[in-house]
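Here are the chains, one letter per residue:
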Amino acid sequence: MKTILAFGDSLTWGFQPGIWTRHPFEDRWPNVLAAGLGGAARVIEEGHNGRTTIYEDGTCLDNRKGSDALPMLLATHQPLDLVIIMLGTNDIKWSARCRAFDARLGMMRLIEIAKTFGYLPAYRAPEVLIVAPPPFVPTKDEFFNELWGHAIAESKFFGHHYAILAKEMGVHFFDAGKVAEADPIDGGHLDVANTRAIGAGLVPVVKRILGI
């Protein structure tokens, strides 16, 4: 059986817009992906609300830097056949770095970590698949509009920048914005149908990568 690490933020964790709870296990995209692979792979869901690629978030008690968390998870879950990384949403919510290009730079570092980590000698580095998150959409929610309303236009460039990066670094790419849309309830998170759509959309991609 293959082993896949799904590494992401609240979109991977399964944050339900409007009610601040978690989608049921079977509806979260990593588990939809696992079901679609029909037992050929185990998918480990590692979502953390607010996680960034490499950037500090001093507003929170928990460490949200993906570059700090990823090495520990690579060590914990090895051997891995595939690492899927879907991050960037929280990189551009800060007006001081509101560029999808900043998320691209952070994603580049995460790819480097996944490729060069000191895996045990018996294990090789896994394949890497980077996923561009769906863009933000307008929302009437006052808190979330203040949080990321300024970044709506910029978020539409995730797919462009990640596609370039994937080609440059020899990794795989999937644009979740092609199959899913953020919920206007808060402008950034996903309803059940759209988080499931990401998992379903990834099934043929992962099958091709892993040859299953």
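Now for a look at the structure at hand.

**Regarding the packing of aromatic side chains**
Then step 1. For the structure shown, the criterion picks out eight aromatic pairs.
Then step 2. Between the aromatic rings of Phe-143 and Phe-144, the centroid separation amounts to 5.1 Å while the plane-to-plane angle is 90 degrees, which identifies the pairing as edge-to-face.
Then step 3. The class for Phe-143 is partly exposed, based on a relative accessible area of 49%.
Then step 4. For the ring pair Phe-158 and Tyr-162, a centre distance of 5.9 Å and an interplane angle of 50 degrees mean the geometry is tilted. One end of the pair, Phe-158, and the other, Tyr-162, are both in helix α7 (residues 158–169), four residues apart, so they sit about a helical turn from each other. No difference in accessibility class separates Phe-158 from Tyr-162, as the two residues are buried.

**Notes on the environment of Cys-60**
Then step 1. Note on placement: Cys-60 falls in the loop between β4 (41–47) and α3 (66–77).
Then step 2. Along the backbone, Cys-60 and Gly-50 are 10 residues apart, and their C-alpha atoms lie at a distance of 9.1 Å.

**A few points about the pattern of salt bridges**
Then step 1. Under the counting rule described, the total for this entry stands at nine salt bridges.
Then step 2. The salt bridge partner of Glu-45 is Arg-22, with a shortest N-O separation of 3.9 Å. In this pair, Glu-45 sits in strand β4 while Arg-22 sits in strand β3 (residues 21–22), placing the two residues 23 residues apart along the sequence.
Then step 3. A residue is classified by how much of its surface remains accessible, and Arg-22, at 34% relative accessible area, is partly exposed.

**Notes on the sheet that holds strand β1 (residues 2–8)**
Then step 1. Ordered by their spatial adjacency, five strands build an open sheet running β4-β1-β5-β6-β7, and the pairing between neighbours is parallel. Each having just a single partner strand, β4 and β7 (172–175) make up the two edges of the open sheet. Taking the axes of each pair of neighbouring strands and ignoring which way they run, one obtains an average angle of 20 degrees across the sheet.
Then step 2. Where strand β5 (residues 82–86) lies against strand β6 (residues 127–132), four bridges are found, and the strand directions are parallel. For Leu-82, the partnering residue across the bridge sits in β6 and is Glu-127.
Then step 3. On the sheet, helix α2 (residues 29–36) packs against β1, β4 and β5 and is oriented at approximately 175 degrees with respect to β4.
Then step 4. Helix α8 (residues 192–210) contacts β1, β5, β6 and β7 of the sheet and is inclined by roughly 155 degrees relative to β6.

Rules used in this analysis
- Residues numbered from 1 in each chain as written.
- Predicted model: local features only at pLDDT ≥ 70, side-chain atom pairs only at ≥ 80, totals over all residues.
- Heavy atoms only, no water.
- Phe/Tyr/Trp six-rings, centres within 6.5 Å; stacked < 30°, edge-to-face > 60°.
- Buried < 20%, exposed > 50% of the residue type's maximum accessible area, 1.4 Å probe, protein only.
- Helix = DSSP H or I, 4+ residues; strand = E, 2+ residues; numbered from the N terminus.
- Salt bridge = Lys/Arg side-chain N within 4 Å of Asp/Glu carboxyl O.
- Pairing = 2+ DSSP bridges.
- Axes fitted to C-alpha atoms, helices over the stretch in contact; angles between N-to-C directions.
- Contact = heavy atoms within 4.5 Å.

Everything listed here is a matter of geometry and, on its own, says nothing about what the molecule does.
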